[in-house]
Amino acid sequence: MAENTYLIQGAAVLGGDPEDLLIRDGFIAARGKDISGAAGVQDATVIDAAGLVALPGMVDVHTHLREPGREDAETVETGTRAAALGGFTAVHAMANSNPVADTAGVVEQVHSLGRAAGWVDVRPVGAVTVGLAGEQLAELGAMADSRAQVRMFSDDGICVHDPVLMRRALEYVKAFDGVVAQHAQEPRLTAGAQMNEGAVSAVLGLAGWPAVAEESIIARDVLLAQHVGSRLHVCHVSTAGSVEIVRWAKARGINVTAEVTPHHLLLTDELVRSYDPVYKVNPPLRTDADVQALREGLADGTIDVVGTDHAPHPSEHKECEWAQAAMGMTGLETALSVVQETMIETGLMTWADFARVTSFTPAVIGRLSDQGRPLEVGEPANVILVDPAARWTVDPHKMATMGRNSPFKGKELPGSVVATFFKGHPTVLDGQLNTPYRYPAHQEQMGAAGGVSSK
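Keep in mind the model is a prediction, meaning the values are calculated, not measured. (Residues numbered from 1 in each chain as written. Predicted model: local features only at pLDDT ≥ 70, side-chain atom pairs only at ≥ 80, totals over all residues. Heavy atoms only, no water.)

*Asks:* Sorry if this is basic, but what is going on with unusual backbone geometry here?
*Replies:* Backbone phi values are negative for most residues with the exception of glycine, while trans is the configuration of most peptide bonds. In this chain, Asn 98 is followed by Pro 99 through a cis amide linkage whose omega measures 10 degrees. Going from Asn 282 to Pro 283, the amide bond is cis rather than trans, its omega being -5 degrees. Of note, the phi angle at Asp 25 is positive, near 55 degrees, even though the residue is not glycine. Summarising the element assignment, Asp 25 is placed in the loop between strand S2 (18–24) and strand S3 (27–32). Residue classification places Asp 25 among the partly exposed positions, given a relative accessible area of 48%. The backbone phi angle of Asp 177 is positive, close to 55 degrees, even though this residue is not glycine. Positionally, Asp 177 belongs in the loop between helix H4 (163–173) and strand S10 (179–182). (Helix = DSSP H or I, 4+ residues; strand = E, 2+ residues; numbered from the N terminus. Buried < 20%, exposed > 50% of the residue type's maximum accessible area, 1.4 Å probe, protein only.)

Next comes the structure, spelled out in structure tokens:
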């Protein structure tokens, strides 16, 4: 059998009628109802995909891999293993590492670690400001010109709250078709905030996090993006008002995109009544009305993509009193299932829609030319096989991520990833990690990292 040739038989491509896919040398070589007679099929490893759905590999625009500097929470190796198991073939690694990814040296290090791991394509996100301090722009041009070829910039975790600095960033990234991904949170409206401001926070006596803190920044930034003619991406939209502002901006032709997390599509602030810090997250879990608005916004295209905001933490940072606990939830290994439950099983979306919001559009936002491609002959073979009929119970201790802070612990979810093909190589088979992709020697040389430059 040819080591790099695979025949996927009888998969429902994008949820349609069963077809065969022939993968050879990293690309889709043939597709059809019965391609057993196609050239090269005789040497292929056959994968019976009856009952499975074939989808393009998922692309996450919002992942925290923590390395360098925070390897007690996650590493590029462990995080990308989790990504592959979750059906991802590309992730964007956020900049809030230590040192911060605000120089060409650091983003090249992250890029190199991703290539060495070989589980998914790791695209570093560069910081907007030096040290995420919000005082001066980072080396945006140098990061864009580096071997990592950064196209997305974000201080995620912290809002770029200075409007002058935000305007300058939006103007700067236009030169290389970059995008600024904003963490929309007016800091003066959320000082000391612990959860969503509303009826539950009033009962629990926890400082409230008002929706307007998010919505006011989004409103300001879409106007700034319109003024300078630049691309803006809004991270983790969480309120009904935010959806309406993005909808308004798009109707005016403003070049804005937005993401929603799986946890904001399913969970509400009612869970905080337990005082379990696993439900502490930024932005906070909102109300059921917000959840419904987010689902509708994703279904009608107002919200463009699903981003996991995968945020692993060491256990001691979550297993403590609420006020001291870190904010964040893991999400790479549960994202597909949560979106299936909230969007597909509710009839709001089809599997083709799923591919649009988890693969096609995220790749466009991140300017990834070889990801999010249609499952057609000649295209890169970044493919996943999903069993939509599967049911499984979330056990964080059985996950590949180092983070145990899953808000879905003990919950039964639908759908499971059976196989993940990254560049035509099966990184996941039968729902288990297989082997990583190894870059050819000449590509490895091109992708070698430089040293971490000082700030």
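*Asks:* Honestly, the nonpolar core in this entry has me stumped. Any pointers?
*Replies:* Nonpolar side chains tend toward joint burial in soluble globular proteins. Formed by 79 residues in total, the largest nonpolar core has its most connected members in Phe 153 and Leu 298. The contact partners of Leu 298, leaving out residues within four places of it in the chain, are Val 260, Leu 265, Ile 303, Val 305, Val 306, Met 343, Met 349, Arg 356 and Val 357. (Core = buried A, V, L, I, M, F, W, Y, C linked by side-chain atoms within 4.5 Å. Contact = heavy atoms within 4.5 Å.)

*Asks:* Help me understand the environment of Ala 352 in this model?
*Replies:* Mapped onto the secondary structure, Ala 352 falls in helix H11 (residues 351–365). For Ala 352 and Pro 56, which are 296 residues apart along the polypeptide, the C-alpha to C-alpha distance reads 9.9 Å.

*Asks:* Sorry if this is basic, but what is going on with the sheet that holds S10 here?
*Replies:* Backbone-to-backbone hydrogen bonds pair the strands of a sheet. The strands run either parallel or antiparallel. Spatially, S9-S10-S13-S14-S15 is the arrangement adopted by the 5 strands of the open sheet, whose pairing is parallel. The sheet is open, and its two borders are formed by strand S9 (152–153) and strand S15 (305–306), each paired with just one other strand. Summarising the sheet, strand S14 (residues 256–260) and S15 pair through 2 bridges and their orientation is parallel. Within S15, the residue paired with Val 260 across the bridge is Val 306. (Pairing = 2+ DSSP bridges.)

*Asks:* Help me understand the pattern of salt bridges, please; the structure alone is not making it clear to me.
*Replies:* Within the structure shown, the criterion is met by 22 salt bridges. The salt bridge involving Asp 17 is made with Lys 33; its shortest N-O contact spans 3.7 Å. Of this pair, Asp 17 sits in the loop between strand S1 (5–13) and S2 while Lys 33 is found in the loop between S3 and strand S4 (45–48), placing the two residues 16 residues apart along the sequence. Taken individually, Asp 17 and Lys 33 each receive the classification exposed, so the pair is uniform in this respect. For Asp 370, the salt bridge goes to Lys 423, with nearest N and O atoms at 3.6 Å. A residue pair is termed long-range when its members are at least 10 positions apart, and Asp 370 in the loop between H11 and strand S16 (383–393) and Lys 423 in the loop between strand S17 (412–422) and strand S18 (425–429) qualify at 53 residues. (Salt bridge = Lys/Arg side-chain N within 4 Å of Asp/Glu carboxyl O.)

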